[in-house]
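# Structural description and commentary
So you can see what is in the structure, the chains are spelled out below.
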Amino acid sequence: MSLSRKTALAGVFEHPARFAPNKSMFQIMAESVRGALDDAGLKIQDVDGVCTTGIGMSGMGVVGFCDYMNLTPNFVDSTSIGGSSFVAHTAHAAAAIAAGLCKVAVVVYGSTAASQRFAIGTGGGGGGSDPCDQYEVPFGPTTVGSYAMMAQRHMHEYGTTSEQLAEIAVTMRLHASMNPAAKYRELITVEDVMASRIISSPLHLLDCCIISDGGGALVVTSAERARDLKKKPAYILGCAETVRHPARGRRDFMEMAASQSGPLAFERAGVTPGDIDMAMIYDSFTITVLMTLENLGFCKRGEGGAFVGGGRLRYDGALPTNTDGGGLSSNHPGMRGIFLVIEAVKQLRGECGPRQVKDCALALCHGTGGTLGIRHSGATLILSNQ
Amino acid sequence: MADEKSDKKKYAKPLPRLDEESRPWWEALKRHELYIQKCRDCGDLRYYPRALCTNCLSSRTEWVRCGGKGKVYTFTATMQNQAPGFRESLPYLMAYVELDEGLKLLTNLVECKPDEVKIGMPVEAVFEDATPEVTLLKFRPAR
């Protein structure tokens with residue numbers, strides 16, 4: 001059974017807040033749901049599916065949020081696989097709708113990570129109480145440190161340079177400069193990135209995503225119903241997800257979850273990397289983008305350094321990537337997967353103003369959650385306006 | 001004054017939460033010995049220790065002595081970490097070491113400076129007695 005073009009994104013909303021100390025997580029989420037339903041032309045009474053998770057949320061947060069919204073849906077999903085969760089939720093909602101489990105699902109996220117001063121990348125011992133954590137937390141594995149180790153290895157194996165990684169940050173900032181909602185909009189240069197302090201070698205401050213408040217929501221429904229709604233549907237063509245971990249001590253760490261979820265999603269969508277008009281690639285760190293592009297098959301493994309240069313990732317380049325400015329410059333409220341889907345849908349509708357990608361018909365979103373160098377998840381979603 | 005002195009000695013970094021499954025690993029480290037798990041049925045080596053072989057699901061496990069020699073697979077010098085214990089010991093080196101037995105494990109590199117570390121560099125195990133109960137497996141440049 002193929003899911004392709006059976007369901008669509010009918011409404012999206014990115015919460016404009018980047019710093020909201022006066023709002024609760026649920027308030028940001030509720031305002032986001034309202035925005036996405038308005039965008040779709042639907043009412044709260046139409047919603048019978050709810051998908052959410054969050055960094056500030058308890059394990060049963062989805063039930064708490066249903067309480068806040070006074071919802072009693074027929075489908076709930078709180079898959080919690082890190083920042084990629086919302087890309088996976090979109091796929092799960094699509095599957096649920098195609099299977100008849102619900103009719104209109106909202107995928108929602110909200111966080112006050114910045115105003116509560118979460119030290120997301122550089123805090124904690126880097127682990128919880130799962131049995132595996134005892135072999136890691138004593139050594140101080142920060143989130144940035146885990147990604148930094150992958151950058152170091154990539155440089156060793158393939159000769160990738162810090163300047164090549166910096167190109168990614170520079171491009172994301174260019175895109176942010178064209179996004180009025182972005183948190184950081186001043187243009188930067190490769191030299192600026194190189195001159196910023198090292199957080200965890202070889203990654204500089206400007207190789208790291210920002211921390212903001214924020215949230216967003218998506219409305220998923222059947223393709224048939226979406227065609228009768230306010231906005232042009234973004235059809236879900238293909239999706240896939242998986243995880244990577246140290247593999248009992250045997251992992252090839254340059255191989256990511258994306259190398260499995262990417263090809264599966266392409267196959268299910270019936271398209272190839274060469275067909276993609278724009279990509280939203282989770283940019284927790286510059287290295288995440290470079291390695292994800294390789295692992296999805298946009299270039300060969302080891303060629304990412306050269307691939308991301310020469311303006312290729314610019315909104316007017318061959319593979320426009322993270323046209324909203326990404327987590328590196330626009331927003332990163334702890335988890336960012338939802339914004340990948342929101343921007344992709346806006347691009348497919350042609351709503352992006354000065355940063356609009358020309359003739360954008362096919363978009364790819366890939367979320368990476370968790371820590372690339374220890375355990376991470378990957379979720380790929382391919383969308384089309386046709 | 002005595003209190004202040006004992007506070008200084010207190011180990012501030014997070015400690016492993018031992019359980020029955022992991023106890024033989026940690027007890028060996030406490031004796032300054034390194035043992036890894038091998039499946040008695042299919043021979044698969046595994047790290048971290050767990051009750052079942054992930055290859056054949058057998059519970060028949062033996063612990064085999066490991067030489068503690070390996071190479072740096074990758075590393076990072078951490079310059080920023082707000083967590084107690086770590087914020088006082090910046091920069092510190094976190095690394096994956098690939099043991100000669102073929103297993104990669106997350107650890108710290110000690111007795112060397114960040115600019116002295118190279119991927120592929122031979123390293124050897126050091127046993128760091130963090131507390132009277134817990135010894136951590138770290139690595140230093142091979143001598």
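See the structure above.
Quick look at the structure, then. Each chain has its residues counted from 1, following the order in which its sequence is written. A letter from A marks each chain and a number from 1 marks each ligand, given out in the order of writing. The predicted origin of the model limits local features to residues at a pLDDT of at least 70 and limits the giving and counting of side-chain atom pairs to 80 or more, whereas totals for whole chains, interfaces and linings rest on all residues. To get the side-chain values, all heavy atoms of the structure are used, and hydrogens and water are removed first.

## Points about the overall build of chain A
Note the threshold: Every helix listed is a DSSP run of H or I at least four residues long, and every strand listed is a run of E at least two residues long, numbered separately from the N terminus. The buried label applies to any residue whose accessible area, calculated with a 1.4 Å probe on protein chains only, is under 20% of its type's maximum; exposed applies above 50%, and partly exposed to all values in between. Contacts are residue-level and defined by heavy atoms, with any inter-residue pair within 4.5 Å sufficient. Using a 1.4 Å probe, accessible areas were evaluated by the Shrake-Rupley method; residue-level cover was limited to the displayed protein chains. All tallies of charge rest on Lys and Arg as positive and Asp and Glu as negative; His and the ends of each chain are not included. Think of each charge as sitting on NZ of Lys, CZ of Arg, CG of Asp or CD of Glu.
Scanning chain A from terminus to terminus reveals 12 helices and 11 strands. C-alpha atoms of chain A, sized along the principal axes, occupy 55 × 45 × 40 Å. Taking all 386 residues of chain A together, 64% fall into the buried category. A separation of at least 24 residues holds for 76% of the contacts in chain A among residues at least 6 apart in sequence. Total accessible area on chain A stands at roughly 13,000 Å², and carbon and sulfur atoms take up 51% of it. For chain A, the centre of its 33 positive side-chain charges and the centre of its 35 negative side-chain charges are spaced 2 Å apart.

## Quick look at the interface of chain A and chain B
Interface size is commonly expressed as the accessible surface area that is lost when the partners come together. The criterion, for reference: The term buried area means the drop in 1.4 Å probe accessible area that two parts suffer when joined, counted for both and summed. One side-chain nitrogen of Lys or Arg within 4 Å of one carboxyl oxygen of Asp or Glu is enough to make a salt bridge. Each polar contact in these results corresponds to two N or O atoms within 3.5 Å; when the atoms are within protein, one needs to be able to donate a hydrogen and the other to accept it, and residues that are neighboring in sequence are counted only if both atoms are side-chain atoms.
Contact with chain A, which involves 41 residues of that partner, is made by 45 residues of chain B. For the pair chain A and chain B, the summed buried surface comes to about 3,500 Å²; carbon and sulfur atoms form 56% of the total. Per-residue buried area on chain A facing chain B is highest for Y135, F139 and R248 of chain A; these three make up 24% of the total on that side. Across the chain A-chain B interface, the total number found is 1 salt bridge. A salt bridge links R248 of chain A to D44 of chain B; the shortest N-O distance between them is 2.6 Å. In this structure, the connection of chain A to chain B is made through 23 residue pairs in polar contact (both at pLDDT 80 or more). For the side of chain A that touches chain B, the secondary-structure elements that each account for two or more residues are α4 (143-158) and β5 (198-200) of chain A.

## Quick word on the state of the cysteines
A covalent bond between the sulfur atoms of two cysteines is what we call a disulfide. We apply this condition: By definition, disulfides here are pairs of cysteine sulfur atoms that lie within 2.5 Å.
In this structure the tally under the stated criterion is 0 disulfides over all chains. Residue C209 of chain A stays outside any disulfide, its sulfur separated by 7.0 Å from that of C208 of chain A, the closest cysteine. With no disulfide of its own, C39 of chain B lies 3.6 Å from the sulfur of C56 of chain B, the closest cysteine sulfur. What makes C39 of chain B buried here is its relative accessible area of 1%.

## Section: the pairing of strand β8 (residues 135-141) of chain B
Residues and elements named next belong to chain B. Our working rule: Only strands that DSSP links by at least two bridges are regarded as paired with each other.
The buried fraction of β8 amounts to 6 of the 7 residues, a majority that puts the element mostly inside the structure. Pairing of strand β7 (residues 122-129) with β8, which is carried by 7 bridges, proceeds in the antiparallel orientation. Its bridge partner lying in β8, V123 is registered against P141.

## A short note on unusual backbone geometry
All names here are of chain A. A cis geometry characterises the amide bond from S201 onward to P202, with omega recorded as 5 degrees. Structurally, P202 can be placed in the loop between β5 and β6 (203-204). In the Ramachandran plot, R248 falls in the positive-phi region, its phi being about 50 degrees despite a non-glycine side chain. Structurally, R248 can be placed in the loop between β8 (234-244) and α8 (258-269).

## Some thoughts on α8 of chain A
Residue and element names in this part refer to chain A. As a reminder of what qualifies: Helix span is expected to be 1.5 Å times the residue number reduced by one. By arc we mean the arc of the directions from the helix axis to the C-beta atoms, nothing more.
If you check α8, its first and last C-alpha atoms are 15 Å apart, about what 12 residues at 1.5 Å a residue would give, namely 16 Å. Looking only at α8, the buried set comprises A258, S261, G262, A265, F266 and A269. Buried residues along α8 cover an arc of 130 degrees about the axis, so they all sit on one side. On the buried face of α8, the contacting elements are β8, α9 (286-296), β10 (362-370) and β11 (376-384). Looking at the residues trailing α8, positive phi occurs at G270, about 70 degrees.

## Remarks on the sheet that holds strand β4 (residues 104-111) of chain A
Residue and element names in this part refer to chain A. Which entries qualify depends on this criterion: All axes here are fitted lines through C-alpha atoms, helices being fitted over the stretch that makes contact, and every angle between N-to-C directions spans 0 to 180 degrees.
Read across the sheet, 9 strands follow the order β3-β2-β4-β7-β1-β8-β11-β10-β9 without closing on themselves; strand pairing throughout is mixed. Strand pairing shows two members of the sheet lacking a second neighbour, β3 (75-77) and β9 (278-281), which therefore form its edges. Taking each pair of neighbouring strands and ignoring which way they run, the sheet shows an average axis angle of 20 degrees. Relative to strand β7 (residues 214-222), strand β1 (residues 7-14) runs antiparallel, the two being bridged by 7 bridges. Its bridge partner being in β7, T7 is matched across the sheet by S222. Along the sheet, helix α2 (residues 61-69) makes contact with β2 (49-52), β3 and β4, crossing β2 at roughly 130 degrees.

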